[in-house]
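# Reading the structure
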Amino acid sequence: MPDWANPVARYVLEEGLPGMLHVAVISLIGATVIGVTLGSLLTIHFRPSRMLIRLYIEIFRGLPIIVTVFLVFYGLPPISPALQFSPLNATGIALVLWGSAQVAEATRGAVGSIPYEQHEAASALGFGWIGRHRYVILPQALRRLLPPLVSLLVNIIQNTTLAAVLGGLELLSAASRQNERVAAVPPIGTGQIHALEIFGGLAVLFFVISFPLTRLAAYLERRLV
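Thresholds, definitions, all that
Residues numbered from 1 in each chain as written. Predicted model: local features only at pLDDT ≥ 70, side-chain atom pairs only at ≥ 80, totals over all residues. Heavy atoms only, no water. Helix = DSSP H or I, 4+ residues; strand = E, 2+ residues; numbered from the N terminus. Contact = heavy atoms within 4.5 Å. Areas by Shrake-Rupley, 256 points an atom, 1.4 Å probe, with all protein chains shown as cover. Lys, Arg positive; Asp, Glu negative; His and termini not counted. Charge placed at Lys NZ, Arg CZ, Asp CG, Glu CD. Core = buried A, V, L, I, M, F, W, Y, C linked by side-chain atoms within 4.5 Å. Buried < 20%, exposed > 50% of the residue type's maximum accessible area, 1.4 Å probe, protein only. Expected span 1.5 Å × (residues − 1).

So, on to the overall build of the protein. If you tally the helices and strands in the protein, you get eight helices and zero strands. Overall, the protein shows an N-to-C arrangement of helices and strands of α-α-α-α-α-α-α-α. When the backbone C-alpha atoms are referred to their principal axes, the protein occupies close to 75 × 45 × 25 Å. Nonlocal contacts in the protein, meaning residues at least 24 apart in sequence, comprise 73% of its contacts between residues at least 6 apart. If you sum the accessible surface of the protein, you get close to 12200 Å²; carbon and sulfur atoms cover 67% of it. For the protein, the separation between the mean place of its 15 positive charges and that of its 11 negative charges on side chains is 12 Å.

Another point: the nonpolar core. Judged by nonpolar contacts, the single largest core of 57 residues is most densely connected at I57, L152 and I157. Mapped by element, the contributors of at least two residues to this core are helix 1 (5–41), helix 2 (47–62), helix 3 (65–75), helix 4 (87–112), helix 6 (129–159), helix 7 (171–183) and helix 8 (195–224). Not counting chain neighbours up to four residues away, the residues in contact with L152 comprise L28, A31, W98, G99 and V103.

For helix 2, with 16 residues, the first-to-last C-alpha span of 22 Å sits near the 22 Å given by 1.5 Å per residue. Those residues of helix 2 that are buried are in contact with helix 1, helix 3 and helix 4.

Following this line, the structure appears as structure tokens:
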């Protein structure tokens, strides 16, 4: 390994990778909790709530994610100082909004795929809507949701790079900073351009992270759906 490569790899893994994981964890947990809740409520035959949830889904599925990132990072602070977020958290919130819209639609489909006879059987046992969904419907629906959730995680990991636009330190911004440092004149850098090696290595890292997850999603889809 060339002398310049080791500090680059160490910086990307030690400084950039934790930032990516921070955004990914926030986004996946938030999107799953909110999305499953909204998707379940979408199955209730109450027109006003269904219209509001459908509006939420269409807005955040239809907006480019970068627009949502800018709305959260630049648009919310003027409303209240409490709504000022760091670049990583702002990106995480934007991905929660986008991801929850995807999960809500997937949850609606998963719940709708459960035979209606099971709803009737649960009702006959004395379960109300909450109990019916909590103990009978959602456990089966969540099983069918696993493949879409793994695919969502892959998309979230790839979209954590949007934090770089705001100056957040994650994998892409860490690689970009190291690329500029290496290209600087000595003693700061080498005075040589190694962008192909640096960003090529970053591409390999994303592939190593994403490929097993895409294979896992395909495997779960064959076994569970």
